[in-house]
Amino acid sequence: MLSQEYDVCARVAGGSNAGHTIVVEGKKYKFHLLPSGVLNDKATCIIGNGVVIHLPSFLNELDALSASGIQYEGRVKISDRAHLVFDFHQEVDGTLENRLGRNKIGTTKKGIGPAYASKIQRNGIRIGDLRDFEYFEERFRDLADHHMRAFPGLEIDVEGQLEFYRNISKRVNEMTVDTIEYTNKAFKDGKKILVEGANATMLDIDFGTYPYVTSSNPSIGSVLTGLGVSPRKLRGIYGTVKAYTTRVGEGPFPTEQEDDAAGVGNHLGTVGAEYGTTTGRARRCGWLDIPQMRFSTLINGFTSINLTKLDVLTGLEEVKIGKAYKHDGKILTTMPADLKTLSSVEVVYETLPGWTEDISTVKNFEELPVNAQKYVLRVQELLGVPIRWIGVGPNRLDVIDRGEGWDLATTDADDEEDALEYKSA
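Below or above, wherever it landed, is the structure these notes cover. As the structure is a computational prediction, the values presented were derived from the model and not from experiment.

## Details of the side chain of Asn49
Here's step 1: Mapped onto the elements, Asn49 comes out in the loop between strand 4 (44-47) and strand 5 (52-53).
Here's step 2: Residue Asn49 is classed as buried on the basis of its relative accessible area of 12%.
Here's step 3: Separated by 2.8 Å, the side chain of Asn49 and the backbone oxygen of Thr225 make a polar contact.
Here's step 4: Apart from the residues lying within four places of it in its own chain, the contact partners of Asn49 are Ser79, Arg81, Ala82, Lys119, Thr179, Ile180, Thr225, Gly226, Leu227 and Gly228.

## Considerations on the sheet that holds strand 4
Here's step 1: Spatially, 8-6-4-1-9-20-10-14-18-19 is the arrangement adopted by the ten strands of the open sheet, whose pairing is mixed. Of all strands in the sheet, those bounded by a partner on one side alone are strand 8 (176-177) and strand 19 (399-401).
Here's step 2: Pairing of strand 1 (residues 8-11) with strand 4 involves four bridges; the strand directions are parallel. Bridge pairing in strand 4 links Arg11 to Ile47.

## Observations regarding the pattern of salt bridges
Here's step 1: Taken as a whole and assessed by the stated rule, the structure comprises 21 salt bridges.
Here's step 2: Taking the shortest distance from any N to any O, the salt bridge between Asp63 and Arg171 comes out at 2.8 Å. Of the two residues, Asp63 sits in helix 1 (residues 55-67) while Arg171 sits in helix 5 (residues 158-175), which places them 108 residues apart along the sequence.
Here's step 3: A residue is classified by how much of its surface remains accessible, and Arg171, at 28% relative accessible area, is partly exposed.
Here's step 4: In this structure, the salt-bridge partner of Asp189 is Lys185, at a minimum N-O distance of 2.8 Å.
Here's step 5: When salt bridges with common partners are traced through the structure, they connect Glu137, Arg141, Glu159, Glu163 and Arg166 into a single cluster.

## Points about the packing of helix 2 (residues 87-99) against helix 3 (residues 112-120)
Here's step 1: Their axes nearest at 7 Å, the elements helix 2 and helix 3 cross at an angle of 115°. For the pair helix 2 and helix 3, the crossing hand works out as right-handed. Between helix 2 and helix 3, the contacting residues are His89, Val92 and Asp93 on the first element and Ile112, Pro114, Ala115 and Ser118 on the second.

## Remarks on a negative patch on the surface
Here's step 1: Taken together, Asp132, Glu134, Glu138 and Asp142 make up a surface patch of like negative charges.
Here's step 2: With respect to the helices and strands, the residue Glu138 is situated in helix 4 (residues 133-150).

## A closer look at the pairing of strand 18 (residues 387-391)
Here's step 1: When you tally the buried positions in strand 18, you get five out of five residues, the bulk of the element.
Here's step 2: In the sheet, strand 14 (residues 304-308) pairs with strand 18 via three bridges, with the strands oriented parallel. Within strand 18, the residue paired with Ile305 across the bridge is Ile387.

## Section: unusual backbone geometry
Here's step 1: Backbone torsion omega between Tyr210 and Pro211 reads 5°, so that peptide bond is classified as cis.
Here's step 2: Relative to the helices and strands, Pro211 is located in the loop between strand 9 (193-196) and helix 7 (221-227).
Here's step 3: Of note, Asn199 is a non-glycine position whose phi angle comes to about 65°, a positive value.
Here's step 4: Positionally, Asn199 belongs in the loop between strand 9 and helix 7.
Here's step 5: The phi torsion at Ala273 lies on the positive side, around 50°, for a residue other than glycine.

## What to know about the environment of Met175
Here's step 1: Within the secondary structure, Met175 sits in helix 5.
Here's step 2: Ignoring anything within four residues of it in the chain, the contact list for Met175 reads Phe58, Leu59, Leu62, Val76, Lys77 and Ile78.

## Concerning the nonpolar core
Here's step 1: Membership of the largest hydrophobic core comes to 53 residues, with the highest contact counts inside it found for Leu310, Leu313, Leu368, Tyr375, Val379 and Ile390.
Here's step 2: At six residues, the largest contribution of residues to this core is made by helix 11 (residues 370-383).
Here's step 3: Those residues in contact with Ile390, other than ones at most four positions away along the chain, are Asn306, Leu307, Leu310, Phe365, Leu368, Val376, Asp398, Val399, Ile400 and Arg402.
Here's step 4: Counting residues in hydrophobic clusters, the runner-up holds 43 residues, among them Ile70, Leu84, Phe86 and Val172.

## Digging into helix 9 (residues 290-300)
Think of an α-helix as 3.6 residues a turn; residues three or four steps apart then line up on the same face.
Here's step 1: Most of helix 9 is tucked away: nine of the eleven residues are buried.
Here's step 2: Taken together, the buried positions of helix 9 are Ile290, Pro291, Gln292, Met293, Phe295, Ser296, Thr297, Ile299 and Asn300.
Here's step 3: Close packing links the buried residues of helix 9 with strand 10 (234-242), strand 13 (288-289), strand 15 (318-327), helix 11 and strand 20 (420-424).
Here's step 4: Where helix 9 begins, one side-chain oxygen reaches toward the backbone nitrogen of Gln292, 3.0 Å away; that side chain belongs to Asp289.
Here's step 5: Backbone geometry just after helix 9 places Gly301 at a positive phi near 65°.

Thresholds applied
- Residues numbered from 1 in each chain as written.
- Predicted model: local features only at pLDDT ≥ 70, side-chain atom pairs only at ≥ 80, totals over all residues.
- Heavy atoms only, no water.
- Helix = DSSP H or I, 4+ residues; strand = E, 2+ residues; numbered from the N terminus.
- Buried < 20%, exposed > 50% of the residue type's maximum accessible area, 1.4 Å probe, protein only.
- Polar contact = N/O pair within 3.5 Å; in protein donor to acceptor, adjacent residues only side chain to side chain.
- Contact = heavy atoms within 4.5 Å.
- Pairing = 2+ DSSP bridges.
- Salt bridge = Lys/Arg side-chain N within 4 Å of Asp/Glu carboxyl O.
- Axes fitted to C-alpha atoms, helices over the stretch in contact; angles between N-to-C directions.
- Left-handed = near helix turned anticlockwise from the far one by under 90°.
- Patch = residues over 30% accessible without salt bridge, like charges linked within 9 Å, V, L, I, M, F, W, Y side chains within 5 Å.
- Areas by Shrake-Rupley, 256 points an atom, 1.4 Å probe, with all protein chains shown as cover.
- Lys, Arg positive; Asp, Glu negative; His and termini not counted.
- Charge placed at Lys NZ, Arg CZ, Asp CG, Glu CD.
- Core = buried A, V, L, I, M, F, W, Y, C linked by side-chain atoms within 4.5 Å.

Next up, the structure:
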């Protein structure tokens, strides 16, 4: 939606563990590494230095775009500082997950954690290393040997892998640039820049439900460290949240509706088609969780909210909002850091009447059923942040835009014409 208005769209953290499904004129596009802005034929798409890239998956994603008639040549640029995810990283990811047994994290097994581990251990390999293949080969042999020694039984076809990377190096090198220089120059030249978030704040390695988290920072800080821009360049910070809560994988989920008598969890999962874009796993579903949203708002400083999938709530006799957590008889004022506390909280719900009217063609807020309006306004009141966009259907343009008056970035800073926008998932 937003990406159609920007000159540059970027990803800054995570890897192919993230997934976005975009529906355009009834056609589905699934993205894992590419920002969805690639569907805007006028936008340049950047894979920032904070992303870890599995090149086989990345190139397959590009090929799928070409097969769908989307021309990307010359519009996709990869940071020379971005680290590589290798097949053996994915194997190690699966091995580590399996060792946990019933205490598994719920990882996508895409090798993201092990790749970041290589980065932090300072033996990782970066995209820019492919420009000097002799150097790349030396680093690859050392890294492969390190992993085979660390994980007895792990087999790596070193020669076969080197041949693969030798064959794709020219194609990758043509897309490889200094994205820090490119992005900052684009900003200086007055280009509109959108950073697309991946995963969610509650999966943040620092702020999320640790250890049931991802291996990066899918929060506002990653824009700075994963793209190489100054915080002074940020303006609009948009939080994208469904009208209910979902989670893929393990970990505490206070508002989860599992096998409930009213069939709410089943309704949300079925009507909302809640299956992971990356793994295909059924997502766990529950009522909207205001404490988590407030926590995310506190960290990210959202200037506006994009509330998606309001239409999925249609047909429910009543809708609930989890507005607070209670523990040991006391209302919690912050998000618990320890999972024992979070897993045992009592959710304080507020119940509102539902609606049955079809809202998929609604284009103005005032045309929504009164009860749907009340739901949106109550969520907005509880968060203290304006809700500008409201998703009413599965297609990209099935959205109500309430206008710039519902965006703190424009109402509080009208004099700041040049700025970088961030959209968090």
